[in-house]
Amino acid sequence: MTGPELKKLRKHLGEALGRELTAADMAKLCGLPAAGGAEKLRKWEVTGPTPKVAALLRVLAMASEHYPILEKFDVFDRHDVPVKDRAARRQAFREQMRDDVRKRLG
């Protein structure tokens, strides 16, 4: 994940949650300490986050319609899920991811 991709992710997650996310909000999602976390996040928006943080953010990105549901989380396209139910299940999954992001933000 590059810095510009991280910046775009912050915007897209904010859209999904219905509010703008600050650098401090994103720092919290990344597990950074409150003291200095927002500043580190701003640096990452230029240089890109660490691979460990990028992996976490790829999972949280699924809360936004702008990002695909990762293959290991995609249980909607299996043969035992009726085609007519798949879209609703995907939407419910994304809403669950949004709730998780909200909980992480406190």
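The model shown is predicted, which means the values in this text are computed figures rather than measured ones.

Participant: Quick question: what am I supposed to make of the overall build of the chain here?
Facilitator: Helices and strands together make up the secondary structure of the chain, namely five helices and zero strands. The linear arrangement of helices and strands in the chain, starting from the amino end, is α-α-α-α-α. In terms of overall dimensions, the chain has C-alpha extents of about 50 × 25 × 20 Å along its principal axes. Pairs at least 24 apart in sequence give 60% of the contacts found in the chain among residues at least 6 apart. Accessible surface computed for the chain: about 6,500 Å², of which carbon and sulfur atoms make up 55%. Averaged over its 22 positive side-chain charges, the chain has a centre that lies 4 Å from the centre of its 15 negative ones.

Participant: Any chance you could explain the pattern of salt bridges here in plain terms?
Facilitator: Close approach of charged atoms allows side chains of opposite charge to pair. Counted according to the given criterion, the structure contains 11 salt bridges. The closest approach of N and O atoms between glutamate 15 and lysine 11, which form a salt bridge, is 3.7 Å. With glutamate 15 and lysine 11 both in helix H1 (residues 3-17) and four residues apart, this pair spans about one turn of that helix. Each of the salt bridges in this network shares a partner with another, and the network as a whole consists of Glu65, Arg94, Glu95, Arg98, Asp99 and Arg102.

Participant: Mind showing me how you'd approach the nonpolar core here?
Facilitator: Nonpolar side chains in soluble globular proteins tend to be buried together. Judged by nonpolar contacts, the single largest core of 25 residues is most densely connected at Met26, Leu29, Leu41 and Leu57. Elements represented by at least two residues in this core include exactly H1, helix H2 (23-29), helix H3 (34-47), helix H4 (51-60) and helix H5 (83-105). Excluding anything up to four places from it in sequence, leucine 29 contacts Leu13, Leu21, Leu56, Leu60, Val101, Arg104 and Leu105.

Participant: Would you explain H1 in this entry?
Facilitator: Residues separated by three or four positions in an α-helix point in the same direction, a consequence of the helix having 3.6 residues per turn. For H1, which comprises 15 residues, the first-to-last C-alpha distance of 21 Å matches the rise-based estimate of 21 Å (1.5 Å per residue) to within 8%. Among all positions of H1, only Gly3, Leu6, Leu9, Arg10, His12, Leu13, Gly14, Ala16 and Leu17 are buried. Those residues of H1 that are buried lie in contact with H2, H3, H4 and H5.

Participant: Help me understand the layout of surface pockets, please; the structure alone is not making it clear to me.
Facilitator: Unoccupied space between atoms shows up once a probe the size of one water molecule is rolled over them. When its volume is computed, the largest pocket comes out at roughly 180 Å³. As for the largest pocket, its lining consists of Met1, Glu5, Leu9, Arg58, Ala61, Tyr67, Pro68 and Leu70. Each residue belonging to the lining of the largest pocket can be placed in one class, and the counts come to six nonpolar, no polar and two charged.

Participant: Mind showing me how you'd approach the packing of H1 against H3 here?
Facilitator: To characterise two packed helices, one gives the angle between the axes of the helices and the distance between these axes. Following both chains from N to C, one finds H1 and H3 inclined at 125°, their axes separated by 5 Å at the closest point. Between H1 and H3, the angle falls in the class oblique. Within the contact between the two elements, H1 uses Gly3, Pro4, Leu6, Lys7 and Arg10 and H3 uses Leu41, Trp44, Glu45, Val46 and Thr47. A class-by-class count of the residues in the contact of H1 with H3 yields five nonpolar, two polar and three charged.

Conventions and cut-offs
- Residues numbered from 1 in each chain as written.
- Predicted model: local features only at pLDDT ≥ 70, side-chain atom pairs only at ≥ 80, totals over all residues.
- Heavy atoms only, no water.
- Helix = DSSP H or I, 4+ residues; strand = E, 2+ residues; numbered from the N terminus.
- Contact = heavy atoms within 4.5 Å.
- Areas by Shrake-Rupley, 256 points an atom, 1.4 Å probe, with all protein chains shown as cover.
- Lys, Arg positive; Asp, Glu negative; His and termini not counted.
- Charge placed at Lys NZ, Arg CZ, Asp CG, Glu CD.
- Salt bridge = Lys/Arg side-chain N within 4 Å of Asp/Glu carboxyl O.
- Core = buried A, V, L, I, M, F, W, Y, C linked by side-chain atoms within 4.5 Å.
- Buried < 20%, exposed > 50% of the residue type's maximum accessible area, 1.4 Å probe, protein only.
- Expected span 1.5 Å × (residues − 1).
- 1 Å grid on protein atoms, 1.4 Å probe; cavity = no way out; pocket = protein on both sides within 12 Å on 5 of 7 lines; lining within 4 Å.
- Points joined across faces, edges and corners; volume = space filled by probe spheres on them.
- Nonpolar A, V, L, I, M, F, W, Y, C, P; charged D, E, K, R; others polar.
- Axes fitted to C-alpha atoms, helices over the stretch in contact; angles between N-to-C directions.
- Parallel < 35°, antiparallel > 145°, perpendicular 65-115°, else oblique.

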